[in-house]
Amino acid sequence: MEAESEPYVRLATMRQLHQAVADLNTARSLADTLQTVADGIVAGLGYELACVNLVRPDGDLVVAAFAGNSAAEALITGRVGSRTSWDRRLAMGECWDGLRFIPHTDGWVLLDDDVPQWHTEGPEPRFEDEWHPQDRLYAPMYASGGGQDLLGVISVDRPRNGRRPGAWGREALQMYTSQAAIAIGNARLRANMQRALVRLEREQQALRASEESFRQAFEYAPSGMAIAEMGGDQHGRLLRTNDALCRLLGRPASVLRRYSFADLVHPEDVGTLLRTSAEGGRAELRLGRRDGSYLWVSLRNSVVADTADGPRFLLTHVEDIEERKRHELHLAHRASHDALTGLPNSAELRARLSARLCERPHAAATTAVEALDAAYGDVEDAEGRVHGFRADGFEADAVAGGPYDHHVHAVAPDGESDDGAKGLAVLFCDLDGFKSINDRFGHHTGDAVLIEVARRLTTCVRDGDTVARLGGDEFVVLADGLGAADAADLAVRLRNAIIPPIRVDGRAVRVGASFGIGWAGCGMTVEEVLRSADQRMYVEKRSRSKVHRRAG
């Protein structure tokens, strides 16, 4: 009788299995699909309890759906079992083809692991295939594609017929598990696609908002902004400028698009611009305005891309630093110039003199012609020594390995005679009678005299010469390219310019001047040069009568 009813049982089971599988395809979300899987086992496969455990991204398994008992569902849904514990269970169970069965006689060792479970006590089975409440039957689900990528595990309990499933029951559970794995995989794919679409839309909205934010920040920035091309024939050409930069340079945007910064930069600052790197580069230089003037600006560069793989552009921030530069130049001028007369002070005088001197005394003997010859081969100096030069123009026997750096050596004329040699003359000037003016008429008059003397000295020298106030009533003049007679004539002209009366507050006062002429030469220190000129000034002062030196 049982053999005759078996086909009918299988047919009824197939109908129920077909309906359960059909229901899997009606679920609209991943959560609905998981619950439908659990409900289908209870409704179509003849089990009272079903639990779906889903693998999380970290590998552990979470109870994602439960069917058949609301109390058990509330207790274990959402609880997590470690992957290690699950691997242990699947490995120790009896292999029923694709299923794993752990009888109650072996399952006692699992009572203390961390896998969420729902079980009750019960009597020993009365016959061989009777189901015990602590029997465990698992159906692993694997991702489609034939691999062993575990997707989750379905656990079932309490068959309604009270017996362990036979061959047909096991096959039906495996078939359902296979379809459930496909349904869960598809639901996951749909969920991931939906999340990706939502994320893409959010990213596009953020990108649009970012582009609008950049446009507004660019257009309405209080300081200048420019976008230029990078690479190609048009490298550096301005593509876009904001209103602030147009106002700064006095040029409309349509005109600026014809230029690059290299076209606008001051000729002396071209090197600074070329040395400024594209990414994170900073530079302070002058840009030309429409009226022909130049403006000090600070440039800050950064590289931006239109898209991930699109062309790159150079974004330049241009800040007006004209006022700061003017202030810096004013401070630098105050530090290097005398506050009373406006002439270079002692520190600036020493700096300018030091720039003309080097530590090679033998180089001073090299004439201009010899220096030119030296660049092309060996040359014999005035003492008969031969200097070898390499093919690149560097002197082979240069001091401390230093190359021939085209330094113009200062050469002092030999002796008092005018032999035609030209050098850097240092004229040390000390005012005669200045102290008596200070004592008789006060420091206000003395300051006015110093200012007028400074003006007269400056008007008597050439452009490029230096007139400096050393301190008190002492002045120094640096005049390059003079012979001995030229220097003596200059001293006479300067003295004659100082002698005429100086009117201060309606009163005429006079000062005289004593000059000492020294010469700067390479191999000398700045102090040696000034001391030499100072000593000759005192010799000249003592040699002149008091009548010629009196003033007041």
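Predicted, not measured: the structure shown is a model, and the values here were computed from it.

J.: Kindly report on the pairing of strand E11 (residues 294–305), identifying the contributing residues and their values.
T.: Looking down a regular strand, the side chains alternate between one sheet face and the other. One ladder, built from seven bridges, connects strand E10 (residues 282–288) with E11; its direction is antiparallel. In the sheet register, alanine 283 faces E11, and the bridge partner there is leucine 299. Where E10 hands over to E11, the hairpin turn is made up of five residues, of which glycine 292 adopts a positive phi near 95 degrees. Relative to strand E12 (residues 312–320), E11 runs antiparallel, the two being bridged by nine bridges. Note that in E12 the partner of arginine 300 across the bridge is histidine 317.

J.: Residue-level account of the sheet that holds strand E2 (residues 61–67), with values.
T.: One open sheet accounts for seven strands, arranged E3-E2-E1-E7-E6-E5-E4; its pairing is antiparallel. The sheet terminates laterally at strand E3 (80–81) and strand E4 (94–96), the two strands that pair on one side only. As paired elements, strand E6 (residues 136–142) and strand E7 (residues 150–159) share six bridges and run antiparallel to each other. Residue pairing across strands places proline 140 opposite valine 153, the latter belonging to E7. This element, helix H2 (residues 30–44), spans strand E1 (47–55), E2 and E7 of the sheet and lies at about 155 degrees to E1.

J.: Hey, could you go over the side chain of arginine 136 for me, with residue numbers and the actual values?
T.: Tracing the backbone through its elements, the reader meets arginine 136 in strand E6. Although buried, arginine 136 forms no salt bridge, and the nearest oppositely charged side chain, aspartate 113, lies 7.0 Å from it. A polar contact of 3.2 Å, which involves the side chain of arginine 136, links it to the backbone oxygen of glutamine 134.

J.: Report on the confidence of the model for the protein, specifying residues and quantitative values.
T.: Low pLDDT means the predicted coordinates in that region are not meant to be read closely. On average, residues of the protein score 83 in pLDDT, and 85% of them reach the 70 mark or higher. Considering only residues more than four positions removed or in separate chains, one finds that residues 362–366, a stretch of pLDDT under 50, has 11 contacts.

J.: I'd love a proper account of the packing of H2 against helix H6 (residues 167–219), names of residues and values included.
T.: With their axes 9 Å apart at the nearest point, H2 and H6 run at an angle of 170 degrees to one another. By the angle between their axes, H2 is roughly antiparallel relative to H6. When H2 is examined against H6, the residues Leu30, Thr33, Leu34, Thr36, Val37, Gly40 and Ile41 are found in contact with a partner set consisting of Tyr176, Ala180, Ala183, Ile184, Ala187, Arg188 and Arg190. Tallied by class, residues from the contact of H2 with H6 come to nine nonpolar, three polar and two charged.

J.: Give me the environment of glutamate 268: which residues, what numbers.
T.: Tracing the sequence through the fold places glutamate 268 in the loop between helix H9 (261–264) and helix H10 (270–274). It is 8.7 Å that separates the C-alpha atoms of glutamate 268 and arginine 286, two residues lying 18 residues apart in sequence.

J.: Lay out the environment of glycine 231 in plain terms, naming residues and giving numbers.
T.: Structurally, glycine 231 can be placed in the loop between strand E8 (224–229) and strand E9 (238–241). By relative accessible area, glycine 231 is classed as partly exposed at 36%. For glycine 231 and leucine 314, which are 83 residues apart along the polypeptide, the C-alpha to C-alpha distance reads 9.9 Å.

J.: An account of unusual backbone geometry is requested, with residue identities and associated values reported.
T.: Not every positive phi belongs to a glycine, and aspartate 97 is a case in point at roughly 60 degrees. The phi angle at aspartate 505 is positive, at roughly 55 degrees, despite the residue not being glycine. Inspection of the secondary structure puts aspartate 505 in the loop between strand E18 (502–504) and strand E19 (507–509).

J.: Tell me about the nonpolar core, and name the residues and values.
T.: By size, the foremost hydrophobic cluster in this structure holds 34 residues, and its most contacted members are Leu137 and Tyr176. Counting only elements with at least two residues in this core, the list comes to helix H1 (2–24), H2, E1, E2, strand E5 (99–102), E6, E7 and H6. Excluding residues within four positions of it along the chain, tyrosine 176 makes contact with Leu17, Ala20, Val21, Leu24, Thr36, Val37, Gly40, Ile41 and Leu45. Membership of the second largest hydrophobic core comes to 32 residues, among which are Ile437, Phe475, Ala487 and Phe515.

Cut-offs used in this document
Residues numbered from 1 in each chain as written. Predicted model: local features only at pLDDT ≥ 70, side-chain atom pairs only at ≥ 80, totals over all residues. Heavy atoms only, no water. Pairing = 2+ DSSP bridges. Helix = DSSP H or I, 4+ residues; strand = E, 2+ residues; numbered from the N terminus. Contact = heavy atoms within 4.5 Å. Axes fitted to C-alpha atoms, helices over the stretch in contact; angles between N-to-C directions. Buried < 20%, exposed > 50% of the residue type's maximum accessible area, 1.4 Å probe, protein only. Lys, Arg positive; Asp, Glu negative; His and termini not counted. Salt bridge = Lys/Arg side-chain N within 4 Å of Asp/Glu carboxyl O. Polar contact = N/O pair within 3.5 Å; in protein donor to acceptor, adjacent residues only side chain to side chain. pLDDT = per-residue confidence, 0-100. Parallel < 35°, antiparallel > 145°, perpendicular 65-115°, else oblique. Nonpolar A, V, L, I, M, F, W, Y, C, P; charged D, E, K, R; others polar. Core = buried A, V, L, I, M, F, W, Y, C linked by side-chain atoms within 4.5 Å.

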